[in-house]
Amino acid sequence: MSTKTILSDRINNLSESATLKMTKLGRELASQGINVISLSVGEPDFNTPEHVKEAAKVALDENYTRYSPVPGYPDLRQAIVNKLKKENNLDYDVSQIVVSTGAKQSLSNVILTLINPGDEVIIPTPYWVSYSEMVVLAEGKSVFIDTDIDSNFKITAEQLAAAITPKSKIFMFSSPCNPTGSVYTKDELEALVKVFEKHPDIYIISDEIYEHINFVDQHESIAQFDSIKDRVIIVNGFSKAFAMTGWRLGYIAANKEIAAANDKLQGQTTSGTCSISQRAGIVAYEQGLETVNVMKEAFARRRQLVYDLLNAIPGVKTNLPDGAFYFFPEISSFFGKKDADGNVIKDSSDLALYLLNVGHVATVGGDSFGNNNYIRLSYAASDDSLKEALRRIKEALGKLS
């Protein structure tokens, strides 16, 4: 039998999603009867609002069950245009909106339509685990700009300028950020824009999926700066703000050439996304943010709770995130320590596995996000679950020697 792999280099070079891996491991332990608290998944623990679910039922009754247009229903795209104008003061045409099967597909589409082999994509660390792997699929090269907890995980204009080369094609970032919760201010974005103005061939992917989970001022999009707006691709969706993760509904707002290219690519891959989800999305955007704000208030309370509990754990260093629903604490003080069986904690993945197996709390090692000295914890869980999870984490870490 031949030992040659039947799989493509493309798939062999791809890493498994660390967040999904930890979620799977947690479920495996739970299936054995072990009480596992999952803080690994990036998903609100709220239900989709009733009026959005009702819209889906109406759509079924009205027989929205056939193929939808590849870039999305025109009235959904118009609702997105209206949202961008009302909430962000950004002017777009319906032709500049492409709806996809989740913001993850939107990101992937943009990268595949812009990157040629060898093109460089500048990514601040830490970053969402799929960013770099999408670049691998497109045969591009990721160029990382390192940040740390002391800078609240945000880059400076000087760091950006130093990372740019003649091969730079895309800058990709999220604000609010997954995994750190960091939020860029208007002044901080303007400083980056001044660098981009000197490099007209660089496009900016602005992942704004956590836009509404923001505990500081209003959300600031880098697309607000006219000098670079035509090079900005906004990626957003309904999963986080409206607790619609399983509905798989995301979109881009971009210049017409890029939007048309994404339409073309999608037409040869998935075609239009779920018709029922799209009809529900229209109602979500048209009926306001009341349910979003209720969820945001709960997250604000939990954020303070987890912040206080993390600060009570010796050896853990954390900041107070400005958005999203994650903490990204610094945990390198535990590297080199041993568990009860003498196994050495070498890195953040080891620590995450230790917390899962000993503390029965699922987290994600920071190495998968580009910063090995940290772990990611989601606080999209009930107050009681969070209190118990942090108690277990503190107890487990205290057993290391």
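Residues numbered from 1 in each chain as written. Predicted model: local features only at pLDDT ≥ 70, side-chain atom pairs only at ≥ 80, totals over all residues. Heavy atoms only, no water.

Novice: So what's going on with the overall build of the protein? Which residues, and what values?
Specialist: Within the protein, the regular secondary structure consists of 13 helices and 12 strands. For a compact globule of 401 residues, the expected C-alpha radius of gyration is about 21 Å, and the protein comes in at 21 Å, within 12% of that figure. Along the first, second and third principal axes, the C-alpha atoms of the protein reach 60 × 60 × 55 Å. The long-range fraction of contacts in the protein, counting pairs at least 24 apart against all pairs at least 6 apart in sequence, stands at 74%. Summing over all exposed atoms, the protein offers an accessible surface of approximately 17700 Å²; the carbon and sulfur share of this is 49%. Across the protein, 41 positive and 50 negative side-chain charges occur, with their mean positions spaced 3 Å apart. (Helix = DSSP H or I, 4+ residues; strand = E, 2+ residues; numbered from the N terminus. Rg over C-alpha atoms; globule rule 2.2 N^0.38 Å. Contact = heavy atoms within 4.5 Å. Areas by Shrake-Rupley, 256 points an atom, 1.4 Å probe, with all protein chains shown as cover. Lys, Arg positive; Asp, Glu negative; His and termini not counted. Charge placed at Lys NZ, Arg CZ, Asp CG, Glu CD.)

Novice: Can you tell me about the sheet that holds strand 7 (residues 232–237), naming the residues and giving the values?
Specialist: Whether parallel or antiparallel, the strands of a sheet pair through hydrogen bonds between backbone atoms. If you walk across this open sheet you meet the 7 strands as 2-8-7-6-5-3-4, and the pairing is mixed. Both edges of this open sheet fall to strand 2 (97–100) and strand 4 (141–145), since each of them pairs with a single strand only. For this sheet, the mean angle separating the axes of adjacent strands, direction not counted, is 20°. Bridging between strand 3 (residues 120–124) and strand 5 (residues 168–174) involves 3 bridges; their strand directions are parallel. The residue bridging I122 from the neighbouring strand is F171, located in strand 5. (Pairing = 2+ DSSP bridges. Axes fitted to C-alpha atoms, helices over the stretch in contact; angles between N-to-C directions.)

Novice: How would you summarise the pattern of salt bridges if you had to cite specific residues and measurements?
Specialist: Oppositely charged side chains can pair when the atoms bearing their charge come close. What the rule picks out here adds up to 16 salt bridges. One salt bridge connects E50 with K53, and the closest N-O pair in it is separated by 3.0 Å. On the criterion of helical spacing, the pair formed by E50 and K53 is a turn pair, its members being 3 residues apart in helix 3 (residues 50–61). When its relative accessible area of 54% is taken as the criterion, E50 is described as exposed. The shortest N-O distance in the salt bridge between E388 and R391 comes to 2.8 Å. (Salt bridge = Lys/Arg side-chain N within 4 Å of Asp/Glu carboxyl O. Buried < 20%, exposed > 50% of the residue type's maximum accessible area, 1.4 Å probe, protein only.)

Novice: Explain unusual backbone geometry residue by residue, including any values.
Specialist: At the junction of T125 and P126, the peptide bond is cis and its omega measures out at -5° in the coordinates. Along the chain, P126 falls in the loop between strand 3 and helix 6 (130–137). A positive phi angle, close to 50°, is found at A243, a residue other than glycine. Inspection of the secondary structure puts A243 in the loop between strand 7 and strand 8 (250–253).

Novice: Mind laying out the sheet that holds strand 9 (residues 326–327), listing which residues take part and the relevant values?
Specialist: Across the sheet, 3 strands lie side by side as 9-12-11; this open sheet has antiparallel pairing. Bordering the open sheet on either side are strand 9 and strand 11 (364–365), each of which pairs with just one other strand.

Novice: Hey, could you go over a nonpolar patch on the surface for me, with residue numbers and the actual values?
Specialist: On the surface, a cluster of nonpolar side chains totalling about 340 Å² of accessible area is made up of I6, L7 and I11. Assignment of secondary structure puts I6 in the segment before helix 1 (9–12). (Patch = residues over 30% accessible without salt bridge, like charges linked within 9 Å, V, L, I, M, F, W, Y side chains within 5 Å.)

Novice: Explain the packing of helix 4 (residues 74–88) against helix 10 (residues 275–286) to me, using residue names and the numbers behind them.
Specialist: Between helix 4 and helix 10, whose axes approach to 9 Å, the crossing angle comes to 25°. One way to sum up the angle between helix 4 and helix 10 is to call them roughly parallel. Relative to helix 10, helix 4 is oriented so that their crossing is left-handed. Residues D75, L76, A79, I80 and K83 of helix 4 touch helix 10, and the partners they reach there are Q278, R279, G281, I282 and Y285. A per-class count over the contact of helix 4 with helix 10 returns 5 nonpolar, 2 polar and 3 charged. (Parallel < 35°, antiparallel > 145°, perpendicular 65-115°, else oblique. Left-handed = near helix turned anticlockwise from the far one by under 90°. Nonpolar A, V, L, I, M, F, W, Y, C, P; charged D, E, K, R; others polar.)

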